[in-house]
Amino acid sequence: VRAPSGGGQPVTSCGDGIIQQPNAAGTNEECDDGPSGSPQCTTSCALNYYRVFATSTNNFNGNLGTITGADNNCELLGPNDGTGVWRAWVSAPGSDAGTRLNPTNPANGGRDLPYRLTDGTTIVIDNWADLTTANPNYLDNGIDKDESGNPVTGAVWTGTTTAGVVAASHCLGWTSSNPGDNGYYGGVGQIDNIWTQWGQIGCNFDTFRLYCFEQPA
């Protein structure tokens, strides 16, 4: 739950279960999981990590309804616990996933924290730079759990290179399900370059998932 202060709303404090920006102490809360906190959210209402998952839905073709449509699918499927919002790891001309989803992007206003799977324990990356750096692999662990923590396999639409920028094909900005158009995809559970840049395929294929990254509230 997020309820910014002001506008006649009561000003509350960290530990009340409502994200306040700012709260009564003048602090912008990143999360608020109550007086006892949680593994993800400290008792001082600061995040320890963000989360990432591959969607349980695996019937997406290349017409995602642009990046906005892809984001909406992530927001619809992602845990609705008020900690953050969910955005899709897809790129299109003029919008690179590596920049758009970076928590420290001024548009997002967050901190650079680790990303874990929705099980809350498995670390995928230690920081955002890890996502596009091969040391020797890009990910510590593959993104192989869905929004509920269940194991998943298969492929995901990405349109994104290992550098986090738009790939050569992206189903016409995620508006096409035409077999004559192509889109780049990645492999669920992979840790090397094919996690995001495995190959390209016709946009009519409708057995694909999405990667969804948590963003600051």
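Here goes a summary of the coordinates provided. Just so you know, these numbers come straight off a predicted model, no measurement behind them.

Once that is clear, we can look at the overall build of the protein. Helices and strands together make up the secondary structure of the protein, namely three helices and eight strands. Taking 2.2 N^0.38 as the reference for a compact globule, 217 residues should give roughly 17 Å; the C-alpha atoms of the protein span a radius of gyration of 18 Å, in line with that estimate. Overall, the protein is about 55 × 35 × 30 Å in size when its C-alpha atoms are taken along their principal axes. Burial statistics for the protein: of 217 residues in total, 49% are counted as buried. For the protein, the proportion of contacts with a sequence separation of at least 24, taken over those separated by at least 6, is 59%. Carbon together with sulfur atoms contributes 48% to the accessible area of the protein, which is approximately 9100 Å² in total.

With 25 residues, the main nonpolar core has Trp 89, Ile 143, Trp 195 and Phe 213 as its most contacted residues. The element that contributes the greatest number of residues to this core is strand β1 (residues 50-54), accounting for three residues. Judged by nonpolar contacts, the second largest core, of 19 residues, contains Phe 53, Ile 67, Cys 74 and Cys 203.

A few words on the side chain of Arg 100. With respect to the element layout, Arg 100 can be found in helix α2 (residues 97-100). Within the structure, the side chain of Arg 100 is placed 2.8 Å from the side chain of Asp 71, a separation counted as a polar contact. For Arg 100, the side chain forms a polar contact with the main-chain oxygen of Val 90, separated by 3.5 Å. Here Arg 100 is in contact with Ile 67, Asp 71, Arg 87, Ala 88, Val 90, Ser 95, Asn 105, Asn 108 and Gln 215, once residues within four sequence places are set aside.

Procedures and definitions
- Residues numbered from 1 in each chain as written.
- Predicted model: local features only at pLDDT ≥ 70, side-chain atom pairs only at ≥ 80, totals over all residues.
- Heavy atoms only, no water.
- Helix = DSSP H or I, 4+ residues; strand = E, 2+ residues; numbered from the N terminus.
- Rg over C-alpha atoms; globule rule 2.2 N^0.38 Å.
- Buried < 20%, exposed > 50% of the residue type's maximum accessible area, 1.4 Å probe, protein only.
- Contact = heavy atoms within 4.5 Å.
- Areas by Shrake-Rupley, 256 points an atom, 1.4 Å probe, with all protein chains shown as cover.
- Core = buried A, V, L, I, M, F, W, Y, C linked by side-chain atoms within 4.5 Å.
- Polar contact = N/O pair within 3.5 Å; in protein donor to acceptor, adjacent residues only side chain to side chain.

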